[in-house]
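So you can see what is in the structure, the chains are spelled out below.
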Amino acid sequence: MSSEPWPGLPFLPGYAFRDPMKTSFHRSQTLGYRKGYAFFRLPTVGIGGERLYVNQLSQAELDELSNVRPTLTYGPAKEAPPSGFVPAHVAFDKKVLKFDAYFQEDVPLSAEEHYRIRQVHIYYFLEDDSMSVIEPVVPNSGLPQGKLVRRHRVPKNNHGDPYHWKDLNRGMNITIYGRTYRIVDCDLFTQVFLESQGIELNPPEEMVFDPYTELRRKPTRQFVTPSDFDQLKQFLTYDKQVLRFYAMWDDTHNMFGENRPFIIHYYLADDTVEVREVHKQNDGRDPFPILIGRRRLPKTLVDKKKTFPSCVLEISDHEVLEWFTAKDFAVGKSTTLLGRTFFIYDCDEFTRNFYRDKFGITDFQPVEVNKKPLEEVPQVIPPYNGFGFVEDSLQNCFSLFPKPPRKNIIKMLENHLKVLRYQVSLESPNPEDRERRFILSYFLSDDMISIYEPQVRNSGIIGGKYLGKTRVAKPGSSVDNPTYYGPSDFTIGSTIEVFGHRFVITDADEHVLNYMESNAESFPAATLQSLRDHFRPRQMAKKAANSVSSTLETGKQELDELIGQIREELKLHKSLDGKIMREAFCQCDEDGCGILDKAKFLALCDSLGVPTNASLVHKLIDLCSCGEDKINYSDFLRAFAS
């Protein structure tokens, strides 16, 4: 199925339209045979038999037609006899171009080599333009060698164009499947062939060899004349004879280092050395008896610059110039054994006799070794990390197994269950938070603070514990030595900051005032005075209420008799309703305490029509008075109850 674009539109989906009259969609044949050879011919029609409006003749055919003479006039042209055709597989059979090359390979996981040079041979087969890469096998290389690239046409670019022999030359790099080969030389046949084809060859280069392979080549054998020293005679003469030296190893220059005693044994039978530790009771060290096992110790090495660690490398006689012997040990001198310097300060009696008979040494005066006093390291306390209390975190700096800090037991017993409670409000820019009320409790036994929010119905805020028992530091105090809030800081109207939240103290319990007055010497006068000023109006009202209650008790009988007389006298006044009078008095009492000012009380009685000028009513008013200008209207209304 085909579709043609509308004239002037691009050939894109949606811009092409199908011809409904087209029913044939086959393609025309473009391959033909002539005299047994396949040839290509240009199509005359397109898909479906549509005529192609292009030139159907090639330029070679047009040139041939321009030179063709008329056959009728001149007769048929005589064709030249065809030349002998030789195929490529016959002409270039067994003709191969050989190039010597190498490539560099990275070795990332080796300490001995960082790269590797691998030599290869590149073969180019002229009969089919194919190539192959062969790597000669190196014995004991440990690498998969042989045919690296099988014989085929090798592409040289992303378009798939294969390499041609014209692309190969000496002194150039070629890339085959991501690997770059450096061509350094070629054989004689390749050189003659390329020069016969007019290619100028570059001068040859020297082949690069692998440095690690050259390093591993076996050195020439060296023969050493054996020594005439008789080891068997030495063993039979000095068997079970050991020199003993007492030494000290000073390791105080390192952290936690100290002077440690050791015993050095030198075995005369085979010139070996052993270093043993000297353990004491409760020295705190593992009971390992030997520091250096019995072995021959090297004194001077051939080459001290070794890349491989010498503590692991096995040392042979070829790598040592001189070994330790009995001459290298003497009392009062230092000896370095495997990097540790030992000071020999004494030896045993057998060692003295051996040195006296063998070397003629008579000076064996022992050296007194005094241990250096340990330097007192100043204890530096790290800064507080913010976890737990400062005192608890500080115990980790004093002991490996920290203990809880000591508490003031006497203070805890004296102030057990003693709590000072304050009412605080939250200082916040949100009006909803400003209406919240909290109870701040200060525990005198351990100086801790807790904050509790009472639940308020239909407030939308879940009450309960706001802050658990903890000590609260004052803002601005140092982290390492904080200053905590105390009762002296809690004055009425003061602001305290608790972990970023500001609270204002609005009220307190009377127990707070009583406790501070009983311990006035422990609190500042400003704190005590603020509480007294806050509780003074409340105490005056309480005293007034107590005086009223005492007056009422003493004159209760007299008041009851007077109320009965007034009820008998006022039976004629039916306009006075006790329920209406109670509602009027309660409406005027804004505080709801049952007490009104005398002037307001008299004005309200006149408005209700109460005969205040009557002697009995006037006497009742005097009995209901509490204070100078206050009247308890509750007892007064009893006389007018219906």
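Coordinates for the structure precede this section.
Residues numbered from 1 in each chain as written. Predicted model: local features only at pLDDT ≥ 70, side-chain atom pairs only at ≥ 80, totals over all residues. Heavy atoms only, no water.

A. Seen up close, the overall build of the chain. Counting its secondary structure elements, the chain contains 17 helices and 26 strands. Burial analysis of the chain (642 residues in total) assigns 28% to the buried set. Partitioning the contacts of the chain with sequence separation of at least 6, the portion at a separation of at least 24 is 47%. Looking at the chain as shown, the accessible area adds up to about 45900 Å², and 53% of this sits on carbon and sulfur atoms. (Helix = DSSP H or I, 4+ residues; strand = E, 2+ residues; numbered from the N terminus. Buried < 20%, exposed > 50% of the residue type's maximum accessible area, 1.4 Å probe, protein only. Contact = heavy atoms within 4.5 Å. Areas by Shrake-Rupley, 256 points an atom, 1.4 Å probe, with all protein chains shown as cover.)

B. Fine view of helix α11 (residues 510-518). Listing the buried residues of α11 in full gives V512, L513, Y515 and M516. Down the axis of α11, the buried side of the element spans an arc of 165°, and every buried residue falls inside it. (Arc of directions from axis to C-beta.)

C. Region of the structure containing the environment of F25. Position of F25 among the secondary structure elements: in the loop between β2 (16-18) and β3 (31-34). Sequence separation of F25 and E50 is 25 residues, and the distance between their C-alpha atoms is 9.7 Å.

D. Spatial organisation of the packing of aromatic side chains. Per the stated rule, a full pass over the model turns up 21 aromatic pairs. Measuring from centroid to centroid gives 6.4 Å for F189 and F193, while their planes differ by 25°, and the two rings are stacked. Taken as a pair, F189 and F193 lie in helix α4 (residues 188-196) at a separation of four residues, close to a single helical turn. Here the aromatic rings of F354 and F359 are separated by 6.2 Å at their centres, their planes lie at 80°, and the arrangement is edge-to-face. In this structure an aromatic cluster arises from ring pairing among Y238, F245, Y266, F324, F329, F354, Y355 and F359. For the cation-ring pair, K469 lies above F443, with the distance from its terminal atom to the ring centre recorded as 4.4 Å. Here the basic side chain of R471 rests over the ring of F389, its NZ or CZ set 5.1 Å away from the ring centre. (Phe/Tyr/Trp six-rings, centres within 6.5 Å; stacked < 30°, edge-to-face > 60°. Lys NZ or Arg CZ within 6 Å of the ring centre and 35° of its normal.)

E. Seen up close, the environment of D100. As for its position among the elements, D100 is in strand β5 (residues 96-106). On the basis of relative accessible area, D100 is assigned to the partly exposed category, the value being 22%. On a C-alpha basis, the gap between D100 and D185 in space is 5.2 Å, while along the polypeptide they are 85 residues apart. Looking at D100, its side chain comes within polar contact range of the side chain of H121, at 3.0 Å. (Polar contact = N/O pair within 3.5 Å; in protein donor to acceptor, adjacent residues only side chain to side chain.)

F. Highlighting the sheet that holds strand β11 (residues 242-250). Here we have six strands laid out as an open sheet, ordered β14-β13-β12-β11-β18-β17, and antiparallel in their pairing. Pairing within the sheet leaves two strands with one partner each, and these edge strands are β14 (290-295) and β17 (334-337). With direction set aside, neighbouring strand axes in the sheet form an average angle of 35°. Two strands pair when backbone bridges link them, and β11 and strand β18 (residues 340-347) are joined in this way by five bridges, in the antiparallel orientation. By the bridge assignment for β18, Y246 is matched with D346. Strands β11 and β18 of the sheet are contacted by helix α7 (residues 349-358), whose axis makes an angle of about 110° with β11. (Pairing = 2+ DSSP bridges. Axes fitted to C-alpha atoms, helices over the stretch in contact; angles between N-to-C directions.)

G. Structural detail: the nonpolar core. Membership of the largest hydrophobic core comes to 27 residues, with the highest contact counts inside it found for Y422, L440, I449, I451, F490 and F503. Breaking this core down by element, the ones donating at least two residues are β19 (419-426), β20 (437-443), β21 (448-453), β23 (495-498), β24 (501-508), α11 and α12 (525-554). Those residues within four positions of Y422 in sequence are excluded, and the remaining contacts are F438, I439, L440, P487, F490, I505, D507, A508, V512 and M516. L97, A101, L126 and L194 belong to the second-largest nonpolar core, a separate cluster that totals 24 residues. (Core = buried A, V, L, I, M, F, W, Y, C linked by side-chain atoms within 4.5 Å.)

H. Representation of the pattern of salt bridges within the structure. Counting across every chain of the model gives 27 salt bridges. As a salt-bridge pair, R151 and D128 come within 3.3 Å of each other at their nearest N and O atoms. Pair noted here: R151 is in strand β8 (residues 146-152) and D128 is in the loop between β6 (115-125) and β7 (130-135), with a separation of 23 residues, a long-range link. Residue classification places D128 among the partly exposed residues on the basis of a relative accessible area of 29%. For R276, the salt bridge is made with E274, and the minimal N-O distance between the two is 3.6 Å. Owing to a relative accessible area of 29%, R276 belongs among the partly exposed residues under this scheme. Put simply, E105, E113, R116, R118 and E135 are held in one network by salt bridges that share partners. (Salt bridge = Lys/Arg side-chain N within 4 Å of Asp/Glu carboxyl O.)

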